Structure formats: structure tokens, C-alpha cells
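Chain and residue survey
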Amino acid sequence: MGSQILKISPFASSSIFNATPLLRFQAKTVFTISKTQFRIRSNPLISSSGFVPSINNKRGLRGGIVAMAAATGGSVQKSEEEWRAILSPEQFRILRQKGTEYPGTGEYDKFYGEGIYQCAGCSTPLYKSTTKFNSGCGWPAFFEGLPGAINRTADPDGRRIEITCAACGGHLGHVFKGEGFPTPTDERHCVNSISLKFAPANS
């Protein structure tokens, strides 16, 4: 507060730069530093999904997640070769080839930590942990997704509704309605664990 932070002198000599070899962005631009300690702040890294996390503010984190989820539809496009390079074979089978993991085998089937479930393919936030419930079906179940994060498409046979990540199109599972679960929406998003990546609330 009130102390000098950083002095920039485009005419400073190279000898000064050599004495404090910290930063040089142009060949003729040199930064000289006062005795006062300084910090350089940068924006947090932006993930491929475009989400900027707020690390120390849970309320800010959740607000950012909701806003981001509503604005990223169809934003991640990759070739099959690119997806194969970044996904495990099982992730590729389920996310890109619309496969299904065996019931009761998924990492998040009976997991109830506090945080956010993201797309395993592109890291887009999909579900809040507060919407997860125990349906007994053998797969993670949620009663609603984050606004704008999930697309619904009728299967070709018309018997089920597929749910996919709105950002990258990755297959998540299927949604069922009217099963009588005591949830606010009376919906069950039946999701493959391998389609998800959990981000703890305190991370």
C-alpha cells in the first residue's frame, strides 16, 4: 500500500538488466526493480472448456460454473484421432461410441462427496453433488443437470432419451422421468461414472 511496486524504464542499460535477470519481453525493453518486494498476478488458467474457477470462494465457484455451463454448448470439437489421444480406451468407448459400463462397477455409483461432476472429455461442469441421489440402479443418478450443460436426444427406437454433454457431445447416459423417486424433478439422469470427473468443493 503506497510503496513502489515496479518501475519500467525502456532506456535502462543492459548492465542493470544483467544484475536483475527477471523479465524481458522486448529486446530493447528492460525492467528494473526497486528494493520493495513485488508480485505479478495473472488470471487463473482457463481450461479447454472455458471455465475460470474461483479457488477460494465456493459461492463464486458455483456461480461461475452455472454461468459457464449455460454458455458452452457445442464449443469443443475434436477429430476421432484427437479424442483417442486424450481419452482412455474405455472413456472413448463410452463417451464417443455411446457405450455403457456394467452396473455397480462405476467409481461414482455410491460416492457422495461435495463438489461438481464434470464431463470427463472436456471438463465442462454438468452436475452439482447436491442433485445426486441413490436410485439403486447401479449407476450414478442425478435429478437435474446444470443449466444448459446437457442435451437430450431421443434414441432411434424412441424408447429412451439419451443425454450428452452440450459442449463436446460426449455420451453420458439416459434420462428417465416419472419413476416416482422423491426428487424435485421426478427425473433420473442415469450416468456412466466413466463419463464423469469429480471436482471436490474445496479444491
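Numbers given for residues are sequential positions, taken from 1 along each chain in its written order. Per-residue local features are limited, in this predicted model, to residues with pLDDT of at least 70; the limit for side-chain atom pairs, both in listing and counting, is 80 or more; totals at the level of whole chains, interfaces and linings are taken over all residues. Side-chain measures here rest on the full set of heavy atoms in the structure, leaving out hydrogens and waters.

In the annotation of an unreviewed UniProt entry, the chain is listed under the name Peptide-methionine (R)-S-oxide reductase and assigned to Nicotiana tabacum.

Nonpolar cores were defined as sets of buried Ala, Val, Leu, Ile, Met, Phe, Trp, Tyr and Cys residues, with membership established by side-chain atoms within 4.5 Å. Burial classification: accessible surface area is computed with a 1.4 Å probe over protein chains only, and a residue below 20% of its type maximum counts as buried, one above 50% as exposed, and the rest as partly exposed. Leu126, Tyr127 and Leu196 are the most contacted members of the largest nonpolar core, which has 25 residues in total. Numbering of helices and strands runs from the N terminus, with a helix taken as a DSSP run of H or I at least four residues long and a strand as a DSSP run of E at least two residues long. Of all the elements in the fold, those that place two or more residues in this core are α4 (89-96), β3 (115-119), β4 (125-128), β8 (161-165), β9 (171-177) and β11 (196-200). Ignoring sequence-local partners within four residues, the contact set of Leu126 consists of Tyr117, Gln118, Cys119, Gly145, Leu146, Ala149, Ile150, Cys165, Leu172 and Leu196. Here, two residues are considered to be in contact whenever any of their heavy atoms come within 4.5 Å of each other.

The aromatic pairing rule takes the rings of Phe, Tyr and Trp, using the six-membered ring of Trp, and pairs them if the centres are within 6.5 Å, calling planes under 30 degrees apart stacked, those over 60 edge-to-face and the rest tilted. For the structure shown, the criterion picks out eight aromatic pairs. Ring centres 6.4 Å apart and planes at 50° place the aromatic pair Tyr108 and Phe198 in the tilted group. With Tyr108 in the loop between α4 and β3 and Phe198 in strand β11, the pair connects residues that are 90 residues apart, well separated along the chain. Comparing Tyr108 with Phe198 shows no difference in burial state: the two are buried. Positioned above the aromatic ring of Trp83 is the side chain of Lys78, whose terminal nitrogen or guanidinium carbon lies 5.9 Å from the ring centre. Consider the ring centre and the ring normal. A charge sits over the ring if Lys NZ or Arg CZ is within 6 Å of that centre and within 35 degrees of that normal.

Looking at the secondary structure, you find Pro125 in strand β4. The exposure class assigned to Pro125 is buried, which follows from its relative accessible area of 0%. Linking Pro125 and Cys165, residues 40 residues apart in sequence, is a C-alpha distance of 9.2 Å.

Okay, the sheet that holds strand β6 (residues 141-142) next. Within the open sheet, the six strands sit side by side as β5-β6-β10-β9-β8-β7. Their pairing is antiparallel. The open sheet is flanked by β5 (132-133) and β7 (150-154), the only strands paired with a single partner. Bridging between β7 and β8 involves five bridges; their strand directions are antiparallel. Directly across from Ile150, in β8, lies its bridge partner Cys165. In this analysis, strands are considered paired if DSSP registers two or more bridges between them.

As paired elements, β3 and β4 share three bridges and run antiparallel to each other. Counted as the bridge partner of Tyr117 is Tyr127 from β4. Connecting the antiparallel pair β3 and β4 is a turn made up of five residues, with Ser123 showing a positive phi of about 70°.

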